[in-house]
Amino acid sequence: FTIYVCMQYSQTSQNIWSFILSAPNPNSYIAIGFSPNGGMVGSSAIVGWISSNGAGGGMKQYYLTGLTPNQVVPDRGNLKVLTNSTFITSQSSRLYMAFQLETNQPLSKLIYAFGPNGVFPSAPSFALALHQDKVSITLNYATG
C-alpha cells in the first residue's frame, strides 16, 4: 500500500511560506517533516489526522529525536508555524493539510510518512504509532 502525496507551496511574502499537502485518506495520520540531513532524526514535522469514525482530528508539530514512538515529541520542533495557519480536512477520500511557516527558506530535505490504518494520535500523550510507509526527497524551491 503506497500513498501518493501531492504538495503545493508558495512564498507568500519575504519570510512566509504556505504549504498544502494532499494524500489519499489512509485512515491514519499523514506527516511532512523538514530535515537537516534527509533522515528522520533531528527533523521537525507537521502531522495531521482525521479519524474515519468522526472522532475528530487535529494537527501538531513534532520533534523527531529518535526512531521510536517515545522519541517523537509532540508540541516541539524548530518550525515557526504561523498562529491560526493550520487546517486539515477530508474531501472526496483525500486529506488536505495546510499550514504556513515563517522562515527565509524552508529546509530542502523533506520526509513524508503515514501511520497504520485506524491508529490516531489522541490525548493526553498524542503519541504517534510507527509509520506504515515513508519517503525522503530533496526539493529545489526555485524550480519545484
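The structure contained in this document is the topic of the report that follows. (Residues numbered from 1 in each chain as written. Predicted model: local features only at pLDDT ≥ 70, side-chain atom pairs only at ≥ 80, totals over all residues. Heavy atoms only, no water.)

Here we come to the environment of proline 26. Within the fold, proline 26 resides in the loop between strand 2 (16–24) and strand 3 (30–35). The buried category is assigned to proline 26, whose relative accessible area is 5%. Spatially, the C-alpha atoms of proline 26 and leucine 64 are 22 Å apart, while their sequence positions differ by 38 residues. (Helix = DSSP H or I, 4+ residues; strand = E, 2+ residues; numbered from the N terminus. Buried < 20%, exposed > 50% of the residue type's maximum accessible area, 1.4 Å probe, protein only.)

Within the secondary structure layout, proline 36 lies in the loop between strand 3 and strand 4 (43–50). It is 11 Å that separates the C-alpha atoms of proline 36 and threonine 138, two residues lying 102 residues apart in sequence. Setting aside anything within four residues of it in sequence, one finds proline 36 in contact with Gly42, Ser43, Leu107 and Lys109. (Contact = heavy atoms within 4.5 Å.)

The residue valine 119 is located in the loop between strand 9 (109–114) and strand 10 (133–138) in this model. Separated by 92 residues in the primary sequence, valine 119 and asparagine 27 have C-alpha atoms spaced 7.7 Å apart. Here valine 119 is in contact with Asn27, Ser28, Tyr29 and Ala129, once residues within four sequence places are set aside.

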